[in-house]
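# Fold and contact review
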Amino acid sequence: MDKLTSMNVFVRVAKAGSFAGGARDLDISRAMATKHIMQLEEHLGTRLFNRTTRSLSLTEMGASYLERCQQVLDDIEEMEATVTQLQTEPRGTLKISAPQVIGATQIAPAISEFLKLYPDLEVTIILQGNMGDLIDEGIDLAINLGGVEDSSMIARKLASSPLVVCGAPGYFQQYGIPKTPEDLTDHSCLVNWSIPPRDQWRFKGPYGDLMIKVKGRIVANVADPIRVGAIEGLGMVMLPRYIVGRDIEKGKLMPVLESYELAPLEIHAVYPHRKYLSTKVRKFLDFLQEWLPRRVGIDGI
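Below: a short report on this structure. Just so it is clear, the model here is predicted, and its values are computed rather than measured. (Residues numbered from 1 in each chain as written. Predicted model: local features only at pLDDT ≥ 70, side-chain atom pairs only at ≥ 80, totals over all residues. Heavy atoms only, no water.)

We now examine the packing of aromatic side chains. Here the structure, examined in full by the defined rule, presents nine aromatic pairs. Judged by centre distance (5.0 Å) and plane angle (65 degrees), the rings of Phe 114 and Phe 284 are edge-to-face. A residue pair is termed long-range when its members are at least 10 positions apart, and Phe 114 in helix H5 (residues 100-117) and Phe 284 in helix H9 (residues 279-296) qualify at 170 residues. Exposure remark for Phe 284: the relative accessible area of 1% places this residue in the buried category. Chaining the aromatic ring pairs together yields one cluster made of Phe 114, Tyr 118, Phe 284, Phe 287 and Trp 291. (Phe/Tyr/Trp six-rings, centres within 6.5 Å; stacked < 30°, edge-to-face > 60°. Helix = DSSP H or I, 4+ residues; strand = E, 2+ residues; numbered from the N terminus. Buried < 20%, exposed > 50% of the residue type's maximum accessible area, 1.4 Å probe, protein only.)

Right under this line is the structure:
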């Protein structure tokens, strides 16, 4: 049995958590899957799995080997895609992760327009508060607000979104209008955890960035709860203008501290580190880089 096939069997068994599950994914018998693993372990001279009658788990060496195998198999898949010219037109399924609000209001319409251009492509979009595990969940591309610390990922900046501090006119009638960023410490500031840093609002001042620690009666990991809370007079919010712009136009919210520049919210596309990008990912990245700045009222790169 060739090593590449055995590596593929090993990866499938490890991800499935059982020989039966891995064999089922590959449409081979359980006995054949077991034989591949045994021969691989014999070749490597080490156990890759801890086996009991009820469970199957990776050894320390097995966990390390899994990471290497996955990278090798991914590299081979990418090289084959390049050589066979599958790079010409996007096809297959593109799996995307995005925060709820920007995912629903901006990324979803972009996907619809993108799909009109490429009839052989399908898209799965997951709206969630965090990017998720791109490798384990098979996510091709994640939209992320703010910076990215994971060095195993590539972050491509799509746009910078201006933020605005605003509240309901009724709130300001009752509690007053803040004149400086420091005044925010005496106000209820509704916090969106998805905009880093979580409980600090950052202003650009003449002597550098000014960080104001804020707190309020509502804390959420998405924009909608605090946006509604602000409209109902429960405090101020700091949100992208594309989220609160219409509320400001309708008089439901009123911007404040406009003479102070807020550090913009950066929007990134994040994807696993790869030497070659598949066509579906590369073309959607290029499409988004033109789509987002025009429709969100934000500056491009």
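That shown, we press on.
With that settled, consider empty space enclosed by the protein. Under the defined criterion, the tally for this structure stands at two cavities of 30 Å³ or more. Computed from the structure, the largest cavity encloses a volume of approximately 100 Å³. In terms of lining residues, the largest cavity is bounded by 15 residues, among which Pro 99, Val 101, Leu 145, Asn 192 and Ser 194 are the most central. Breaking the lining of the largest cavity down by element, the ones donating at least two residues are H5 and helix H8 (241-249). No other element matches H5, which puts three residues into the lining of the largest cavity. Tallied by class, residues from the lining of the largest cavity come to 11 nonpolar, four polar and no charged. In this model, the second largest cavity occupies a volume close to 50 Å³. Surrounding the second largest cavity, Leu 190, Val 191, Asn 192, Ile 195, Pro 197, Arg 198, Trp 201, Ile 226 and Met 238 form its lining. Among the elements that make up the lining of the second largest cavity, the one with the highest residue count is strand E8 (residues 189-192) (three residues). Looking at side-chain class alone, the lining of the second largest cavity contains seven nonpolar, one polar and one charged residues. (1 Å grid on protein atoms, 1.4 Å probe; cavity = no way out; pocket = protein on both sides within 12 Å on 5 of 7 lines; lining within 4 Å. Points joined across faces, edges and corners; volume = space filled by probe spheres on them. Nonpolar A, V, L, I, M, F, W, Y, C, P; charged D, E, K, R; others polar.)

The subject of this paragraph is the side chain of His 268. Within the secondary structure layout, His 268 lies in strand E15 (residues 265-272). When neighbours within four sequence positions are excluded, His 268 is seen to be in contact with Ala 142, Ile 143, Asn 144, Gly 146, Ala 155, Arg 156, Lys 157 and Leu 158. (Contact = heavy atoms within 4.5 Å.)

Despite not being glycine, Asp 27 has its phi angle at roughly 60 degrees, a positive value. Residue placement: Asp 27 occurs in the loop between helix H2 (19-26) and helix H3 (30-44). Since its relative accessible area comes to 71%, Asp 27 is described here as exposed.

This part takes up the sheet that holds strand E3 (residues 92-98). The pairing of strands in a sheet happens through backbone hydrogen bonds and is either parallel or antiparallel. Pairing is mixed across the open sheet formed by five strands, whose spatial order is E4-E3-E5-E15-E6. Each edge of the sheet is formed by a strand with only one pairing partner; in this case those strands are strand E4 (121-127) and strand E6 (153-161). The mean inter-strand angle of the sheet, taken between neighbouring strand axes irrespective of direction, is 20 degrees. Pairing between E6 and E15: eight bridges, direction antiparallel. Bridge pairing in E15 places Lys 157 opposite His 268. (Pairing = 2+ DSSP bridges. Axes fitted to C-alpha atoms, helices over the stretch in contact; angles between N-to-C directions.)

Let's shift gears to the sheet that holds strand E13 (residues 254-256). Strands sit in the order E11-E8-E12-E7-E13 across an open sheet of five strands; the sheet is mixed. Both outer strands of the open sheet, strand E11 (219-220) and E13, are each paired with one neighbouring strand and no more. Two strands pair when backbone bridges link them, and E8 and strand E12 (residues 236-240) are joined in this way by two bridges, in the parallel orientation. Paired with Cys 189 across the strands is Met 236, a residue of E12.

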